[in-house]
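Chain by chain, the residues:
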Amino acid sequence: MSLAPDITECLARARTDLRLGVPVVLAAHGGGALVLAAETLTPARLAEVQGLPGTADLALTARRAETLKARPYDGDLARLPLPKGAETSWVRALADPADDLRHPMKGPLMARRDGEAALHRIALKLAKTARLLPAALLLPLDAPEAFARNWNLTLLAADDAALHLDRFSPMRPVVSARLPIEVSEAGRLHIFRPEDGGEEHYAVEIGRPARDTPVLARLHSACFTGDVLGSLKCDCGPQLHAALAQMGQEGAGVLLYLNQEGRGIGLANKMRAYSLQDQGFDTVEANHRLGFEDDERDFRLGAELLDRLGFSSVRLLTNNPRKIAMMEKNGIDVVDRVALKVGENAHNRGYLATKASKSGHLL
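Residues numbered from 1 in each chain as written. Predicted model: local features only at pLDDT ≥ 70, side-chain atom pairs only at ≥ 80, totals over all residues. Heavy atoms only, no water.

> Please provide a residue-by-residue account of the packing of aromatic side chains, values included.
On inspection of all chains with the given rule, the structure shows two aromatic pairs. Between Phe 147 and Trp 151, the ring centres sit 5.9 Å apart and the planes meet at 25°, which makes this aromatic pair stacked. Taken together, the positions of Phe 147 and Trp 151, both in helix H6 (residues 144-151) and four residues apart, correspond to about one turn of that helix. Residue classification places Phe 147 among the buried residues on the basis of a relative accessible area of 13%. Exposure remark for Trp 151: the relative accessible area of 46% places this residue in the partly exposed category. Look at Tyr 202 and Tyr 257: their rings are 6.2 Å apart centre to centre, the planes differ by 10°, and that puts the pair in the stacked class. (Phe/Tyr/Trp six-rings, centres within 6.5 Å; stacked < 30°, edge-to-face > 60°. Helix = DSSP H or I, 4+ residues; strand = E, 2+ residues; numbered from the N terminus. Buried < 20%, exposed > 50% of the residue type's maximum accessible area, 1.4 Å probe, protein only.)

> Could you give an account of the domain arrangement of the chain, naming the residues involved and the relevant values?
Per the domain assignment, the segments of the chain are domain 1 (7-163) and domain 2 (171-260 + 297-359). Look at where the C-alpha atoms of domain 1 and domain 2 centre, and you get two points 35 Å apart. Summing both partners gives a buried area of about 270 Å² for domain 1 against domain 2, and 40% of it is carried by carbon and sulfur. Interface area lost by domain 1 to domain 2 is led by Thr 8, Arg 15 and Arg 131, which between them contribute 87%. Here domain 1 and domain 2 share one salt bridge between them. Close ionic contact of Glu 199 with Arg 131 constitutes a salt bridge, the shortest N to O distance being 3.8 Å. One can count zero residue pairs in polar contact (both at pLDDT 80 or more) joining domain 1 with domain 2. (Domains from an automatic or database assignment. Buried area = accessible area lost by both parts, 1.4 Å probe. Salt bridge = Lys/Arg side-chain N within 4 Å of Asp/Glu carboxyl O. Polar contact = N/O pair within 3.5 Å; in protein donor to acceptor, adjacent residues only side chain to side chain.)

> Run through the side chain of Asn 287, naming residues and quoting values.
Here Asn 287 shows up in helix H12 (residues 283-290). Once residues within four sequence positions are removed from consideration, Asn 287 is found in contact with Ile 265, Ala 273, Phe 292, Glu 293 and Asp 294. (Contact = heavy atoms within 4.5 Å.)

> So what about the UniProt feature "binding site: GTP" (unreviewed entry) in the chain? Which residues, and what values?
Sites flagged by UniProt as "binding site: GTP" (unreviewed entry) map to Arg 218, Leu 219, His 220, Ser 221, Ala 222, Gln 239, Glu 261, Gly 262, Arg 263, Thr 283, Thr 318 and Lys 323. Taken along the chain, the residues just named run across 106 residues; in space they spread out, the farthest C-alpha pair reaching 22.7 Å. Along the polypeptide, Thr 283 turns up in helix H12. Assessed through its relative accessible area of 9%, Thr 283 is described here as buried. Ignoring any residue separated from it by four or fewer positions in sequence, one finds Thr 283 in contact with Arg 263, Gln 277, Tyr 351 and Thr 354. Tracing the chain through its elements places Thr 318 in the loop between strand E12 (313-317) and helix H14 (321-329). (UniProt positions renumbered as here; feature names shortened; annotations may be inferred.)

> Before we move on, can you summarise the sheet that holds strand E2 (residues 31-37) with the specific residues and values?
Picture the strands of a sheet paired through backbone hydrogen bonds; they go either parallel or antiparallel. The strand order across the open sheet built from six strands is E4-E3-E5-E2-E1-E6, with neighbouring strands paired in mixed fashion. Taken across any chain shown, the strands that pair with only one partner, and hence form the sheet edges, are strand E4 (77-81) and strand E6 (154-157). Each neighbouring strand pair of the sheet contributes to a mean axis angle of 30°, computed without reference to strand direction. Strand direction decides the pairing type here: strand E3 (residues 57-61) and E4, joined by five bridges, are antiparallel. When the bridges of E4 are listed, Asp 57 appears paired with Pro 81. Strands in contact with helix H7 (residues 158-165) are strand E1 (24-28) and E6; relative to E6, the strand with the most contacts, it is inclined by about 80°. (Pairing = 2+ DSSP bridges. Axes fitted to C-alpha atoms, helices over the stretch in contact; angles between N-to-C directions.)

> Any chance you could break down the nonpolar core for me, citing the residues and the numbers?
Soluble globular proteins tend to bury their nonpolar side chains together. In this structure, Leu 34, Leu 58, Leu 80 and Leu 137 are the most contacted members of the largest nonpolar core, which totals 29 residues. Counting only elements with at least two residues in this core, the list comes to E2, helix H2 (43-50), E3, helix H3 (62-68), E4, helix H4 (88-95), strand E5 (135-141) and H6. With residues near it in sequence (within four places) discarded, Leu 34 still touches Pro 23, Val 24, Val 25, Val 49, Leu 137, Leu 138, Leu 139, Leu 141, Phe 147 and Leu 153. Counting residues in hydrophobic clusters, the runner-up holds 26 residues, among them Ile 7, Leu 18, Val 24 and Leu 132. (Core = buried A, V, L, I, M, F, W, Y, C linked by side-chain atoms within 4.5 Å.)

Spelled out as structure tokens, the structure:
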């Protein structure tokens, strides 16, 4: 046994560092890179980077690069050399699309075609999992271990980091307690915590559903604006309450409340997407301009929690075929899809139409 953190714990530390604006170091065979999140980059740290040997790259996802008319020669990302004398305003303008329409001319941007992009790929995944804009500044290092030691920075072995960033983190039950709620006095709340230090997820059990028959279930992604504030821009709040009400009427069910706000991009980035929607972009276009995919959620979480609770088959309350496919792929038998069409209004009609036409929702 060792008191030193393992790779999972180092990744959790690295995410926190990047959110604070502190760089981290990736070590690979024959070299490495200093990594800074574009969103939290400060002028002082940028000046430090520019004073070091080598030329830094700004790594952007292919989605963001497409908006900027930069060539993603690496397929899923683009590497843009940092110009001499560049300021944080240049980095942020490329990372954040907030002012794209006011200041559309940001190029021409010449992306790198030579060299390896593996470290850039890891840096972008780190930024995403830290719920930051998916953009990172990387400076090549000849001796990453010594550099990290001299500057007291978190050091990650690149191969281990790449492997664990793609690995699903197992969930562990923390506690459960009786919770009478409006739809049923026989309610129980279960709290689960992932091993990687990410957000906790919840299961609301209504009644005492049998484990040997299909349970009425709902995978509900957290939506602070809809679930708590009653936002009219989405149908999340009405879906949440309608699902619980149906479970209450039937006397049994389980609602999984997954902390994957904004289709997995986090509340801050979701609000950035809302601002882009106010500029005329639909929900999918807004995500792409930010550098994200249409949907960044991981529905393996739902299958894991159902299995932990002892359920192997469900009647799934959903309009999203992707949830059904993911449940089936991960060992949960979906015997029936129960439609959940509620909450349409004048403010979200276009949003719902986009979900149907571009994301395949059955609306």
